[in-house]
Structure formats: C-alpha cells, structure tokens
Amino acid sequence: NAGVTQTPKFRILKIGQSMTLQCAQDMNHNYMYWYRQDPGMGLKLIYYSVGAGITDKGEVPNGYNVSRSTTEDFPLRLELAAPSQTSVYFCASGPGTDIYGYTFGSGTRLTVV
Amino acid sequence: AQSVTQLGSHVSVSEGALVLLRCNYSSSVPPYLFWYVQYPNQGLQLLLKYTTGATLVKGINGFEAEFKKSETSFHLTKPSAHMSDAAEYFCAVSSGGFKTIFGAGTRLFVKA
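Residues numbered from 1 in each chain as written. Chains lettered and ligands numbered in written order. Predicted model: local features only at pLDDT ≥ 70, side-chain atom pairs only at ≥ 80, totals over all residues. Heavy atoms only, no water.

1. Focus: the confidence of the model for chain B
- Of the residues in chain B, 100% reach a pLDDT of 70 or more, and the chain-wide mean stands at 94.
- Within chain B, strand S10 (residues 101-102) of chain B has the poorest average pLDDT of any element, 92, and strand S8 (residues 73-78) of chain B the best, 98. (pLDDT = per-residue confidence, 0-100. Helix = DSSP H or I, 4+ residues; strand = E, 2+ residues; numbered from the N terminus.)

2. Side note on the sheet that holds strand S8 (residues 76-78) of chain A
Residues and elements named next belong to chain A.
- In space, the four strands of this open sheet follow the order S1-S3-S8-S7, with antiparallel pairing throughout. The sheet is open, and its two borders are formed by strand S1 (4-7) and strand S7 (64-66), each paired with just one other strand. Here the average twist between neighbouring strands, direction ignored, is 20°.
- Here S1 pairs with strand S3 (residues 19-25) via four bridges, running antiparallel. Residue Thr 7 lies in a different strand from S3, and its bridge partner there is Gln 22. (Pairing = 2+ DSSP bridges. Axes fitted to C-alpha atoms, helices over the stretch in contact; angles between N-to-C directions.)

3. Re the interface of chain B and chain A
- Taken together, the 21 residues of chain B in the interface contact 23 residues of chain A.
- Sorting the residues of chain B by area buried against chain A places B:Leu44, B:Phe98 and B:Phe102 first, and these three jointly supply 35% of that buried surface.
- At the junction of chain B and chain A, the tally comes to zero salt bridges.
- Put simply, chain B and chain A have 11 residue pairs in polar contact (both at pLDDT 80 or more) between them.
- At four residues, the largest contribution of residues to the side of chain B that touches chain A is made by strand S4 (residues 32-38) of chain B.
- A breakdown of the residues in the side of chain B that touches chain A according to their chemical character gives nine nonpolar, 10 polar and two charged. (Contact = heavy atoms within 4.5 Å. Buried area = accessible area lost by both parts, 1.4 Å probe. Salt bridge = Lys/Arg side-chain N within 4 Å of Asp/Glu carboxyl O. Polar contact = N/O pair within 3.5 Å; in protein donor to acceptor, adjacent residues only side chain to side chain. Nonpolar A, V, L, I, M, F, W, Y, C, P; charged D, E, K, R; others polar.)

4. A look at the sheet that holds strand S6 (residues 56-58) of chain B
Residues and elements named next belong to chain B.
- Sheet architecture is open: five strands sit in the order S1-S3-S8-S7-S6, paired in antiparallel fashion. Taken across any chain shown, the strands that pair with only one partner, and hence form the sheet edges, are strand S1 (3-7) and S6. Each adjacent strand pair in this sheet contributes to an overall mean axis angle of 20°, direction not counted.
- Where S1 meets strand S3 (residues 19-26), five bridges bridge the pair, whose relative direction is antiparallel. Note that in S3 the partner of Ser 3 across the bridge is Ser 26.

5. A short note on the side chain of B:Ser73
- Tracing the sequence through the fold places B:Ser73 in strand S8.
- Residue contacts for B:Ser73: discarding those within four places in its chain leaves B:Cys23, B:Asn24, B:Tyr25, B:Glu66, B:Phe67 and B:Lys68.

Here it is, written out as structure tokens:
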C-alpha cells in the first residue's frame, strides 16, 4: 500500500540547472497537488490537477511547470533553478475536492546553491 | 478569500498534560476545516476534519477539535499528551474546491 511516492528524497542543484521531481500515486485519485513548505510559512500551493490532461496554477507557480499525462503521475519541473526555490516539496493526492482531505508523500528536500 | 492563523509557533507541555493548539480561520463561505500532523522527515497526515454536521470532531490518536462558528475557531485538543505526540501540527481551511489554505504550523514539544 504505497500511497503517494516522491523521488528523489534529497537533491542539491546549482543555480541555473533544471530537474524534475517525480510523484506517483496508486490510489486512483483524480486530484493531485504540489506544495512547497518553507520554515514558518506553512504550505503554499504551486500547481494542481483535477485529472489527466488538466492542470492549473496555484498560489506560487512561477519557475515551475507540471504535466499530467496519466492518473498516477504528476511530475514537477524546475527550469533554471534559483536559490529562492530551496524548499521542501510535497506532492499530495485526493479522491475528490478538498472536503476529503489529502494524502501526502514524504517530500523532496531541494537545495539550490 | 480564506486564511488561517495558528496562535503560537511552539507549544510545550508535560507528558500527561492537556494539549491545546489554537486555530482561527477567516472565510466568506461555510468552511471545511482540517488538522494535519507532520512527524520529522515525513509528509503531512490527516488528523481530523470538519465538513458539516456535528461541531465536535474526533480524530486519530485521541485528538479532537471543535468548530465554533461564532468565534471562527477550530482548536485542537487532547486530554493527555504522550511523548509520541511531539510533531508539527497544521490547521487548514477550504471552501470545498481545490485550494486548501494551510496555517504556518505549531510545533508541539512534550516533556517527560
């Protein structure tokens, strides 16, 4: 019963590099989300998806891109990494709208130097 | 617009003492309210939620929260703290759409 799986767990990037954070869920959830967590700031929504082929911006989308080609996968792409993108990134999924709550992955800790 | 304020970034209690974590929300529509718990180096886990109906909501690990509309509050309580309750707790609010708003979090310390 894997739930939401995120890879990698840790990554160090140099300024200007790019990378993809992977997220996969095995619960057949239509709704998936990417959040970033910064100390003392709670979680901020980057992008979300309500189904394969449908994505939309959240509160802090600049510098990121997403795609949703399958129900299971929701990768987050960072282009031209900047120090401001140093954060912990969480992927989450849910069976419907927010009233059901979310299942979170264990996170990816990213440092940009 | 919706917002969440968690009062106190850190709370310290003794083992066996009452746990009280405070959360106030702002919402122009009937809110859906949540508490999540995050243990070190893990993702968030849903502790409990209020959608409609009974205003006293019971969750996992002996936690409960009460929705008080007149006070716009959703405080989390547990009668007796255990060492294993040490974690960070997040209050969250949603209008039932796709954009849950999270508070800044309260870190709970439990002293032996």
